[in-house]
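# Notes for the structure review
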Amino acid sequence: TRDKELISAWEVEVAKAKLEQARATRDKELIFQAQKDLDHHNSELASYRASLAFPTDYQVLSALVSKLRLSRLSLEDAANGLKEYLKNVLEPRNSNFSYLNPIDRVVAAASNDNVVTVSCMIEACSGSGKSLCAADYFSRHPTTSLYFVFEYVHEQEIYSRVQDLTCIMNAAIDLDLQQYFRSINVFKIVSGESTEISSIKLEDYSWNVLGTLGYLFGKTTTPAKVTVQQARTWMSQQKLWVMVDEAIPREKKKSSFGVVGALDRLVFLKRILRNAGFHCIMLGTNTLVMNFNEATRQTLDSRGKNKQTIICVTHRALPPMMLRSAKQRILLKRLFGEGKISLLLDNVNPWLCNVFLEGLNVDISVEDPATLFRNLAYHVLQRLRSDKKNLNDASLYSMFQIASHEAMSQTQILQGFGLLNAWPGGEVPARGSPQSIVEMSQTNDGKLLLHGLDIHHLTSKFASSLLDPITVAVSAGGGKPFKERSCLAVLTRIHEEAARPSNDPTAVDAMQRDGNLLESFGGVVVMLTSWSHPDDILSTLSFHCGREVKSKVMNVLERVQNQEAAEGFRQVLTSCFSNLVPLRIGEEHVNESTAYGCYMRCKNSQRRDGIFYSPVGQDGSRKSGGAEFKNRRQAVSASQLKKIVKKLSRHGHDLLFFMAPKLRKFESERILPRGGKESWLLLHWRKNDDVPWHTFHRVVQGAQRYRVLILMELGLSTNPFGLRTMHQDALKDEVRLSKRRRASKGSDSPSLRTECKSDKSERARVNSRQGEASTRTRDGCDLLALHEEERHSEAKQVPESADAIDQG
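Below, the structure is looked at part by part. Fair warning: this is a prediction, and the values are worked out from it, not measured in the lab.

Moving on: the overall build of the protein. Regarding its fold elements, the protein presents 33 helices and 23 strands. A buried classification covers 55% of the 808 residues belonging to the protein. Of the contacts made within the protein by residues no fewer than 6 positions apart, 74% connect residues no fewer than 24 positions apart. Accessible surface for the protein amounts to roughly 35,500 Å². Of this, 51% is attributable to carbon and sulfur atoms.

Moving on, we come to the pairing of strand E18 (residues 678–686). Here E18 lies mainly inside the structure; eight of its nine residues are buried. The pairing of E18 with strand E20 (residues 705–713) spans nine bridges and is parallel. Counted as the bridge partner of Leu-682 is Leu-709 from E20. Bridge analysis of E18 against strand E19 (residues 694–698) gives five bridges, and the strand direction is antiparallel. Note on E19: the bridge partner recorded for His-684 is His-694.

In this structure the tally under the stated criterion is 28 salt bridges. Arg-232 serves as the salt-bridge partner of Glu-203, at 3.1 Å between the closest nitrogen and oxygen. Of the two residues, Glu-203 sits in the loop between helix H10 (186–190) and strand E3 (206–207) while Arg-232 sits in helix H12 (residues 228–237), which places them 29 residues apart along the sequence. One salt bridge in this structure joins Arg-705 and Glu-678, with 3.9 Å as the shortest N-O distance. Taken together, the positions of Arg-705 in strand E20 and Glu-678 in strand E18 put the pair 27 residues apart, joining distant regions of the chain. Taking the relative accessible area as the measure of exposure, Arg-705 reaches 23% and is therefore partly exposed. Because the salt bridges share partners, they merge into one network encompassing Asp-654, Glu-678, Arg-705 and Arg-707.

Right, let's get into the packing of helix H23 (residues 487–498) against helix H25 (residues 517–529). Closest axis-to-axis distance for the H23/H25 pair is 11 Å, and the angle between their directions is 140°. It follows from the interaxial angle that H23 and H25 lie oblique. The interaxial crossing formed by H23 with H25 has right-handed handedness. Between H23 and H25, the contacting residues are Cys-487, Leu-488, Leu-491 and His-495 on the first element and Leu-517, Phe-521, Val-524, Val-525 and Leu-528 on the second. Here the contact of H23 with H25 is composed, by residue class, of eight nonpolar, one polar and no charged.

A word on helix H26 (residues 537–544). Buried residues dominate H26, accounting for eight of its eight residues. Residue Gly-546 follows H26 closely and has a positive phi angle near 115°.

Attention now goes to the sheet that holds strand E6 (residues 279–284). The strand order across the open sheet built from eight strands is E2-E5-E6-E1-E7-E9-E10-E11, with neighbouring strands paired in mixed fashion. In this open sheet, the two edge strands, each paired with only one partner strand, are strand E2 (145–149) and strand E11 (453–454). Alignment of strand E7 (residues 308–313) against strand E9 (residues 437–442), held across four bridges, turns out to be antiparallel. Opposite Cys-312, over in E9, you have Val-438 as the bridge partner. Contacts from helix H7 (residues 130–140) reach strand E1 (117–123), E2, strand E5 (241–245) and E6 within the one sheet, and its direction differs from that of E2 by about 145°.

Let us now look at the nonpolar core. Soluble globular proteins tend to bury their nonpolar side chains together. The biggest cluster of nonpolar side chains holds 101 residues, and the ones touching the most others in it are Phe-521, Phe-657 and Ile-710. Top element by residues in this core is H25. It accounts for eight residues. Here Phe-521 is in contact with Tyr-397, Cys-487, Leu-488, Leu-491, His-544, Cys-545, Met-659, Leu-714 and Phe-721, once residues within four sequence places are set aside. With 81 residues, the next largest nonpolar core counts Leu-86, Phe-150, Leu-213 and Phe-217 among its residues.

On to the packing of aromatic side chains. Summed over the entire model, instances satisfying the criterion amount to 15 aromatic pairs. The interplanar angle of 55° and the centroid separation of 5.0 Å between the aromatic rings of Phe-521 and Phe-721 together place this pair among those described as tilted. You can see Phe-521 sitting in helix H25 and its partner Phe-721 sitting in the loop between E20 and helix H31 (728–746), a full 200 residues away along the chain. With relative accessibility at 0%, the residue Phe-521 sits in the buried group. A cation over an aromatic ring shows up here: Lys-480 above the ring of Phe-543, its NZ or CZ 4.4 Å from the ring centre. Taking NZ or CZ as reference, Arg-622 lies 4.7 Å from the ring centre of Tyr-613, over its face.

Mapped onto the elements, Gly-722 comes out in the loop between E20 and H31. The spacing of Gly-722 and Pro-661 is 61 residues in sequence and 8.0 Å in space, taken between C-alpha atoms.

This paragraph deals with H7. Turn by turn, an α-helix covers 3.6 residues, leaving residues three or four places apart pointing in a common direction. Among the eleven residues in H7, ten count as buried, and that is most of the element. Along H7, the positions that sit buried rather than exposed are Lys-130, Ser-131, Leu-132, Cys-133, Ala-134, Ala-135, Asp-136, Tyr-137, Phe-138 and Ser-139.

Scoring rules and cut-offs
- Residues numbered from 1 in each chain as written.
- Predicted model: local features only at pLDDT ≥ 70, side-chain atom pairs only at ≥ 80, totals over all residues.
- Heavy atoms only, no water.
- Helix = DSSP H or I, 4+ residues; strand = E, 2+ residues; numbered from the N terminus.
- Buried < 20%, exposed > 50% of the residue type's maximum accessible area, 1.4 Å probe, protein only.
- Contact = heavy atoms within 4.5 Å.
- Areas by Shrake-Rupley, 256 points an atom, 1.4 Å probe, with all protein chains shown as cover.
- Pairing = 2+ DSSP bridges.
- Salt bridge = Lys/Arg side-chain N within 4 Å of Asp/Glu carboxyl O.
- Axes fitted to C-alpha atoms, helices over the stretch in contact; angles between N-to-C directions.
- Parallel < 35°, antiparallel > 145°, perpendicular 65-115°, else oblique.
- Left-handed = near helix turned anticlockwise from the far one by under 90°.
- Nonpolar A, V, L, I, M, F, W, Y, C, P; charged D, E, K, R; others polar.
- Core = buried A, V, L, I, M, F, W, Y, C linked by side-chain atoms within 4.5 Å.
- Phe/Tyr/Trp six-rings, centres within 6.5 Å; stacked < 30°, edge-to-face > 60°.
- Lys NZ or Arg CZ within 6 Å of the ring centre and 35° of its normal.

These values are about where atoms sit, not about what they do.
Take a look at the structure:
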């Protein structure tokens, strides 16, 4: 029988080879005949295989057991393999890690109650140590616990250590579900009887999952099916724990007839473990919202019969980052100071920190802290992407959105490095405290509550950059975290996805902002640019704005003949754009780090949109920058630009940064502030231009200070800023007109009617001149009067000479 199948398969391969030869001749008749022969042999092979008897579930599992050489000793073998792995990963911290393992506390609490079944969820983002905790507990208790991975996932080395257990358990789950769908007949469907996984009466059948567990735990001699009632007798003799890793479906689709969705697989597994009395611990990211609620819900026929305690082990219950050597502590001391090491280790993501510290192969005394920090973080994100396949660009973008550090979707935990925001008032409990493990309650209709809040309404947040600057540094990806995509391209995609929040909640999070869209985008661009190599600052800045100019900083400064001035300008650029992390206003006084600076959004509260500070220098000082962003539907005039520059320069910043869709023609000499012994460098970039950088400099002999002005033009038609709803002046006008309309409804006074009438006339005049549907104002000024002012102002201006602007 086996020979006949092999011969048929061989004939198919020969037919395939003949078809390839026929295609090489380009003879249509030969190709047609060869294809016909191949179809014939494929049909014969399929017909033969269909005639074979369908193997029973027991035959399949027995074959797997024989192939994988599984037995009662397999749990101990897997545990020994994990011990070896943990020794290499945790040495010399093994004993401390086991002591801090929260699973031991969960098990100890459950041992006091012989009736209640424990359903536990360890919920934290990638790299928090969930898998290490499960592997550590299993390696110490192989006779009473089992650890395997949900679905056939082997992306990490730790998963490969339990590959055989994962294979046999997933095969048993699939066989059970296939059996259930084969048992569904047309009469059930026609009668309207529910065929969902959650409606299965588990006590009416025997199950491969329970038989396989019984075989592995030594309760049975074969992996044959076992009933729920029989499995319960094992639990009366001994408490058994099943730990399921990656308990998060890769997709949310429900099952269709004959095709089992990943979510239903998980619901089925959780239900059968609970009903059989197994204590279950599920490890995942964002599992609370996506499936844990459904997985713990009891059906009507079993409600009240299976008592259970539902526990959430949060990220604050997991062991903190533990240093492996004295050299690692010396490095962190050099970067952040001795006083901040314990706070950092308590808040940093252990996985990110370990990969970060793996780059420690340089003499840390040679480089300054800022350079050392940037170099160590430069390539870490590339390594993380290879291990965390679902790392989302929108989540990385959100890392640099100051507004998003409040409350976000739980999807940030799955697709980024978000942390569960599960405590009232935002008061995060101490690491390893009793409050870090939360017992959840369940309503009569099956809803799960954590601290009285429906788990669907729980949020996540990022750790403050003051507590964990390493995660921010790693997420910056050396200035280009989105692979080959620019910040503008990512924002465009985010803007599109935000319109479909059900598909990507992280896109909605990324659209949160402290100001207008351009202000938010500009802040992200400034921060990401600051993590690039100092000589690549200008090329990275232009790249994220939509047109990369591969100009080194020194190439652009070649036009400055005075070498002392060129060096002064270079220092301003490289210092202000240096390792910026997002902070709130007021936090800059707390941050006095020599390794990283900070960027804050002011929302114009200090007559500017953003402020940024360099890391503290060797002399104890730091340079500063001020930023302004104007997303207007028409070009900013020369007179307006001069006022904006003057306003920014009054704060004494070393670097002034201004971004707008369009600037009208201006004379560089006239917009730069005068007075004092200050030398100025102006750098002007246009998205729709062939010139890399327009430059202008004014060097004063004996200058006591060097200052830089950067102007960025994104283009009026560049989306999403070019959309009508995104323009600041358009939005202000809508608010003003809305107020007038409301006022007109509440009063019939002649003066108000006259005002409304003049308002309509004004609107008509603007519509005729600009083709808009309503009037707009800019900063509270009448638009028509402003146009007249700009026209007269520009008429007085003299066009710039060829010497005034260098084509850098």
